[in-house]
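Structure at a glance
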Amino acid sequence: MKIIRELDSISFADWFRSHGGSDGSIKRMWNPIAYALGFIDCENISARCMLTIFQLFATKTEASVLRMLEGSPYEYLHKPILDYLEAREVKIYTRRRVREILFTEEEGETRVTGLVVAKGETQETITADAYVCACDVPGIQRILPQEWRTLPEFDNIYKLDTVPVATVQLRFDGWVTELQDATQRHNLSHAAGIDNLLYTPDADFSCFADLALTSPSSYYREGQGSLLQLVLTPGDPFIKETNQAIAQHVLKQVHELFPSSRQLNMTWYNVIKLAQSLYREAPGMEPYRPPQKTAVANFFLAGSYTQQDYIDSMEGATVSGRRAAMAILENVEPQRRRERGGIGRVHEGLART
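The present account deals with the structure reproduced in this document. Model, not experiment: these values are computed from the prediction. (Residues numbered from 1 in each chain as written. Predicted model: local features only at pLDDT ≥ 70, side-chain atom pairs only at ≥ 80, totals over all residues. Heavy atoms only, no water.)

So, on to the sheet that holds strand E2 (residues 109–119). Reading across from one edge, E1-E2-E3 is the order of the three strands in this open sheet, with antiparallel pairing throughout. The two strands at the open ends of the sheet, each matched to only one other strand, are strand E1 (97–106) and strand E3 (122–126). Each strand of the sheet is rotated relative to its neighbour by a mean of 25°, with strand direction disregarded. (Pairing = 2+ DSSP bridges. Helix = DSSP H or I, 4+ residues; strand = E, 2+ residues; numbered from the N terminus. Axes fitted to C-alpha atoms, helices over the stretch in contact; angles between N-to-C directions.)

Below you can see the structure in the form of structure tokens.
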């Protein structure tokens, strides 16, 4: 892993060519993979980013299996976590916005003293033993006090850039990826087609899937057909386009990939554009990723942009959260026990913030 980390300063394309790889292979195979991982191509993505994933696949056999959630992320990813926490008396508050981080500086030590949290026009100050900011790059850049930029670990965060992306969903009155049986293609009594995550070098969406097949519990609808979800990468050319123009552009490319889909009608579409999504895993960016433990004694960071050996992903976010938790237990819990004795409110405080 150490050797892979040292390859952060060069692009995957440069590394690949230095080992005898061809430009044709980059264009036809590796670019779609890079777009799916980091929303940028091999010329612009760090070799560390790509090789980290390949090492994972090589050493953990089960990691190379492509899987999708049975249904929506809320039902099959977030809700089980929320249920687990709430069963253990964790309190979770949503639709709140952190307006300000309050802090003091005494005897050379900076400590957070509270968070000013707003719900609509109402504000309150939340206090806790430890504070964790689990954000994406734009979120942490907005919330950090400007005074903290005198510290390199916080100032470096503002050197991280993000990647725009557009996600498109198209619903059809038949099964787009059913390529063998025309009768099944129009049969809406059950789903038919390719039940897997798909990649292509021949469209602006390098990665896509039919959610009605891969995640049927939430996205299969009786009497309706395919629900294609397609990720446009790079997303830069599409951010300023209208949703209708984007949907029609994607539909045309779907017809080119699956000519038989011209026999079907698109019945619905949805477009979600994010001007700032994942952090840009460009060469040389690794040194700017902050650790979970910061120079502020009771302030910690989580999020897949922070230091961890995975890419900006759900897996990376999970690893960062575990690292933040360990940092809190190692640094805050001993201090809390010395000051208060016994079991305090660190866990409730963490949940509330």
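This next bit is on helix H4 (residues 47–59). Taking 1.5 Å of rise per residue, 13 residues should cover 18 Å, and H4 covers 18 Å from first to last C-alpha, within 8% of that figure. Of all the positions in H4, only Ala47, Arg48, Cys49, Met50, Leu51, Thr52, Ile53 and Leu56 are classed as buried. Regarding H4, its N-cap is Ser46, as a side-chain oxygen of that residue lies 3.0 Å from the backbone nitrogen of Arg48 further along. (Expected span 1.5 Å × (residues − 1). Buried < 20%, exposed > 50% of the residue type's maximum accessible area, 1.4 Å probe, protein only. Polar contact = N/O pair within 3.5 Å; in protein donor to acceptor, adjacent residues only side chain to side chain.)

A few words now on helix H5 (residues 73–86). Helix length check: H5 (14 residues) gives 18 Å between terminal C-alpha atoms against 20 Å at 1.5 Å per residue, within 8%. Of all the bends found along H5, the most pronounced is centred on Lys79 and spans about 40°, while Pro80, a proline, follows it within four residues. (Bend = angle between axes of the 7 residues up to and from the residue.)

Once that is clear, we can look at the environment of Asp8. Along the polypeptide, Asp8 turns up in the loop between helix H1 (2–5) and helix H2 (12–18). Here the alpha-carbon distance between Asp8 and Val90, two residues 82 residues apart in the chain, equals 39 Å. Among the polar contacts listed, one links the side chain of Asp8 to the backbone nitrogen of Glu286, at a separation of 3.0 Å.

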